[in-house]
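Okay, here's what each chain looks like letter by letter:
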Amino acid sequence: MTKELEFIDLSVSAGEKPLLSKVRGALRAGELVAVVGRSGSGKTLLTKAIIGLLPQSLHAEGQILLDGQRLDQLSDKELDAVRGRRISMLFQQPKRVMNPRLTVRAHLLEAMGVRGPNKARKHEDQVRTLLEEVGLSPAADIASKRPDQLSGGMAQRAMLAIALAADPEFILADEPTSSLDSILKSEVLQLLRRKQQERGVGVLFITHDIASVQHIADRIVVVSDGQIVDQCPTAQIFSKDRHAKTRELVEASLPSVRGPRTDSSVCLLEAVDASKNYTRRAKGPAALQPTTLSIHGGQVLGVVGRSGSGKSTFARLLAGLEQPTTGQIIDRQQSEKATRVQVIAQEPYSSFDPRLSLRISISAAVHRLPESQANERMAQAMVQVGLPDELLDRRPGQCSGGQLQRIAIARALLTEPQVLICDESTSALDSVAQRHILDLLLRLRDQMGLSLVVISHDMDVIRYVSDDVAVFFEGELVERRPLADFLATPTHQHSKDLVAALDLTAVAADHG
């Protein structure tokens, strides 16, 4: 008999406010089901309610059954025998979940229920096998490392090994690839699917990005406003008669169809052999090797690379937030005024003071103007980003991530910039909000003649907005090409890996 995890009329509420409303569904062993939806739709609440990890402020009702046994009626102690053993969790940011004081070996032994040094030695082969199974080698070396000594991809693989350690029947995966670059995301997804099929594990995969699961999921469940609004086999998710919320998510996953833009504009900024070395007396390895690259008026330059590749360091040099160790950043404007550059940060919530209204926060950009003129300029900027002026009277915590990112763009526009540097500015947003922000940036480029430098580890973002692509790898600019040429014939191996991770042929076929 096939093992099954089932939830019936499952609801979650905060006081009188419903957050999840009588959802029904089932996950069978050997099946990978993707639960997709926008931020705040209730998909993560579903996994926490199933595993009994809801905060005390929230109340759950309904039935949760594992092979017919009511999990919702178990005590915390009885649930502990289920968590991590029969049902494991894969978390979004493993380094925040793992104990920073424990080695990977200690985490694996704990997941296996092994206690004491003598027993631990007997399980060393099993530890090594688990790490090798998820592609981590040399296993003995990885096992001795703490979470902070692992890269993002290594930490996610280690978390998968921990999830598999007790040979669970089901895995609940909550956005496990959202913080990874395109190559690592593809690798982890393929690894998860392979292990799921080899072991016959049932996986409930939570994501906001349909594109990332369209080739690994057996079924897709769409959640919106706390309700399941659509579900079907994955092959049917792209049909035109699906629910409106499904179509919204699908459209946000499709590649751009914009034509190439000819570059006939003047050069605004140019990095000439600019490098940056943060080590003492520049004796150690440089964060950025000597780099020559130009920014033209109205151009959208996509800058892509893994964490630590030097792309954000390059952005800080362009913006004048850092001075190059060698080389220079040259303003090519033929006028007395310097090229105006603004940076839009990655995390919208952290870029505003949570104690102040948004109006007070953004008014700092126009504090030298008379009050009436400053208010007029702020109202105009809010119109430009498509938001009502009244939102400025709220505090950051009272706005959504998408609204805050638009207000961050409005703040940048107050200084009338010529170059906007967007440093991972959409990575914290769901796929629909991300697409809206990218469309806004492109519209502002067309309306105001802005130049955009879009920095991202996500090739889908780079492909959607860019005229030209600059690839950074291990602190070095390894390739700079027009987008179409880059996608058709990448030259550097890292570029080839980035394009391969897009899986262009499959996406184009789905689009057609």
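Residues numbered from 1 in each chain as written. Predicted model: local features only at pLDDT ≥ 70, side-chain atom pairs only at ≥ 80, totals over all residues. Heavy atoms only, no water.

The chain goes by ABC transporter ATP-binding protein in an unreviewed UniProt entry, where it is assigned to Glutamicibacter ardleyensis. Under the UniProt heading Sequence similarities (unreviewed entry), the note attached to the chain is "Belongs to the ABC transporter superfamily." (UniProt positions renumbered as here; feature names shortened; annotations may be inferred.)

(A) Inspection of the sheet that holds strand E3 (residues 32-36) at higher detail. Strand order across the open sheet formed by 6 strands is E6-E7-E8-E3-E9-E10, with mixed pairing between neighbours. Taken across any chain shown, the strands that pair with only one partner, and hence form the sheet edges, are strand E6 (87-90) and strand E10 (227-233). Averaged over all adjacent pairs, the angle separating strand axes in this sheet is 20°, with direction ignored. Sheet topology note: the strand E7 (residues 170-174)/strand E8 (residues 202-207) ladder contains 5 bridges and is parallel. Bridged to Asp174 within E8 is Ile206. Where helix H9 (residues 182-199) meets the sheet, it contacts E3, E6 and E8, and its direction lies at approximately 160° from that of E8. Where helix H11 (residues 244-253) meets the sheet, it contacts E3, strand E9 (219-224) and E10, and its direction lies at approximately 110° from that of E9. (Pairing = 2+ DSSP bridges. Helix = DSSP H or I, 4+ residues; strand = E, 2+ residues; numbered from the N terminus. Axes fitted to C-alpha atoms, helices over the stretch in contact; angles between N-to-C directions. Contact = heavy atoms within 4.5 Å.)

(B) Examining the pattern of salt bridges more closely. On inspection of all chains with the given rule, the structure shows 33 salt bridges. For the salt bridge of Arg332 with Glu270, the shortest nitrogen-to-oxygen distance reads 2.7 Å. One end of the pair, Arg332, is in the loop between strand E14 (326-331) and strand E15 (341-344); the other, Glu270, is in strand E11 (residues 267-276), with 62 residues separating them in the sequence. Glu270 gets classed as buried once you look at its relative accessible area, which sits at 18%. (Salt bridge = Lys/Arg side-chain N within 4 Å of Asp/Glu carboxyl O. Buried < 20%, exposed > 50% of the residue type's maximum accessible area, 1.4 Å probe, protein only.)

(C) Layout of empty space enclosed by the protein. Under the counting rule described, the total for this entry stands at 4 cavities of 30 Å³ or more. The volume enclosed by the largest cavity comes to roughly 360 Å³. Together, 30 residues line the largest cavity, and Lys185, His208, Asp209, Gln434 and Asp458 are the ones closest to its centre. Elements supplying a minimum of two residues to the lining of the largest cavity: helix H10 (210-213), H11, helix H16 (431-448) and helix H17 (459-465). (1 Å grid on protein atoms, 1.4 Å probe; cavity = no way out; pocket = protein on both sides within 12 Å on 5 of 7 lines; lining within 4 Å. Points joined across faces, edges and corners; volume = space filled by probe spheres on them.)

(D) Layout of the side chain of Ser11. Here Ser11 is to be found in strand E1 (residues 4-14). Engagement of the side chain of Ser11 in a polar contact is seen with the backbone nitrogen of Lys22, the distance being 2.8 Å. Those residues within four positions of Ser11 in sequence are excluded, and the remaining contacts are Leu20, Ser21, Lys22, His59, Ala60 and Glu61. (Polar contact = N/O pair within 3.5 Å; in protein donor to acceptor, adjacent residues only side chain to side chain.)

(E) The layout of surface pockets, seen in detail. Roughly 540 Å³ of volume is contained in the second largest pocket. Around the second largest pocket, the lining is made up of 20 residues, and of these Gly84, Phe91, Glu110, Ala111 and Ile162 lie nearest the centre. Taken together, the elements giving at least two residues each to the lining of the second largest pocket come down to E6, helix H4 (104-112) and helix H8 (152-164). Along the lines of polarity and charge, the residues of the lining of the second largest pocket split into 12 nonpolar, 4 polar and 4 charged. (Nonpolar A, V, L, I, M, F, W, Y, C, P; charged D, E, K, R; others polar.)

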